[in-house]
Amino acid sequence: MANLKSGLCLNPGEEVVMELEAEMWADGSSIIQKAVGQIRKLIGSILGFKRDGFIVVTNKRVVEIVQFKAFFVLNQGRCVKILTPGSIKEVGYTKEGQFCGCLCQSYNLFYESFTQKTSVLLSSVDSEDGAQKVVDAFYAGVFGAKM
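Quick caveat: nothing in here was measured; it's all calculated off a predicted structure.

J.: How should the environment of phenylalanine 138 be read in this particular structure?
T.: With respect to the helices, strands and loops of the structure, phenylalanine 138 is situated in helix α2 (residues 128–143). It is 8.8 Å that separates the C-alpha atoms of phenylalanine 138 and methionine 18, two residues lying 120 residues apart in sequence. Setting aside residues up to four positions removed in sequence, phenylalanine 138 forms contacts with Ile55, Val57, Val62, Leu83, Val91, Leu109 and Tyr111.

What follows is the structure, given as structure tokens:
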């Protein structure tokens, strides 16, 4: 069994394609924005609040997980959603220039369902090819397509 940071238990015959850790604090992928995000995260940690988000793509499903903790150790809540093909209207990525609209490009995976729109910063992706691979894996996980 795979040891996932998200704590997701895999079903028999299920293999992890990718596990994306959602950046819950930073607003972009530039060094300055990551530093500001780390400061926000530090302040939250000092006050005892923590939030971790994950999108786990397997060969059979896509799962969205958000974990909230308060006062360092108290489990404030956990939301686990399995995304179904009927609920997803669109999936893709955005490329945005930070700082004056042209420097420090950041990539975000987004998907829109009938009840919500979710966007996740792809902090480790630095090209459109990498972002497209993430979108393709996400699509294959939701719709059961073979990659």
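J.: Honestly, the sheet that holds strand β2 (residues 50–58) in this entry has me stumped. Any pointers?
T.: Where strands meet in a sheet, backbone hydrogen bonds hold them as pairs that are either parallel or antiparallel. Strands sit in the order β1-β2-β3-β4 across an open sheet of four strands; the sheet is antiparallel. The open sheet has two edge strands, β1 (16–22) and β4 (74–83), and neither has a second partner. Taken pair by pair, the neighbouring strands of this sheet meet at an average axis angle of 15°, ignoring direction. Summarising the sheet, strand β3 (residues 62–70) and β4 pair through nine bridges and their orientation is antiparallel. When the bridges of β4 are listed, phenylalanine 68 appears paired with glycine 77.

J.: Looking at this structure, I do not really get the nonpolar core. What am I missing?
T.: A general trend in soluble globular proteins is that nonpolar side chains are found buried together. In terms of nonpolar packing, the biggest core is built from 20 residues, with Leu20, Ile55, Val62, Leu109, Leu122, Val134 and Phe138 touching the most fellow members. Counting only elements with at least two residues in this core, the list comes to β1, β2, β6 (103–113) and α2. Broken down by element, this core gets its largest block of residues, six residues, from α2. Once residues within four sequence positions are removed from consideration, valine 134 is found in contact with Met18, Leu20, Leu109, Leu122 and Val125. Counting seven residues, the second-largest nonpolar core is a separate cluster that includes Leu4, Leu10, Phe54 and Val63.

J.: Teacher, can you tell me more about a nonpolar patch on the surface here?
T.: The grouping of Ile39, Leu42, Ile43, Ile46, Leu47, Phe49, Phe71, Phe72, Val73 and Leu74 at the surface amounts to a nonpolar patch, some 1,100 Å² of accessible area in total. For the nonpolar patch, the leading source of residues is helix α1 (residues 31–47), giving five residues. By secondary structure assignment, the location of leucine 42 is in helix α1.

J.: Got a minute to help me understand the pairing of β2 in this structure?
T.: Both β1 and β2 contribute to a ladder of six bridges, which runs antiparallel. Across the sheet, residue alanine 22 finds its bridge partner in β2, namely glycine 53. Here β2 pairs with β3 via eight bridges, running antiparallel. Considered in β3, the bridge of lysine 50 is made with lysine 69.

The rules behind each value
Residues numbered from 1 in each chain as written. Predicted model: local features only at pLDDT ≥ 70, side-chain atom pairs only at ≥ 80, totals over all residues. Heavy atoms only, no water. Helix = DSSP H or I, 4+ residues; strand = E, 2+ residues; numbered from the N terminus. Contact = heavy atoms within 4.5 Å. Pairing = 2+ DSSP bridges. Axes fitted to C-alpha atoms, helices over the stretch in contact; angles between N-to-C directions. Core = buried A, V, L, I, M, F, W, Y, C linked by side-chain atoms within 4.5 Å. Buried < 20%, exposed > 50% of the residue type's maximum accessible area, 1.4 Å probe, protein only. Patch = residues over 30% accessible without salt bridge, like charges linked within 9 Å, V, L, I, M, F, W, Y side chains within 5 Å. Areas by Shrake-Rupley, 256 points an atom, 1.4 Å probe, with all protein chains shown as cover. Salt bridge = Lys/Arg side-chain N within 4 Å of Asp/Glu carboxyl O.

None of the figures reported here should be taken as evidence of function without further support.
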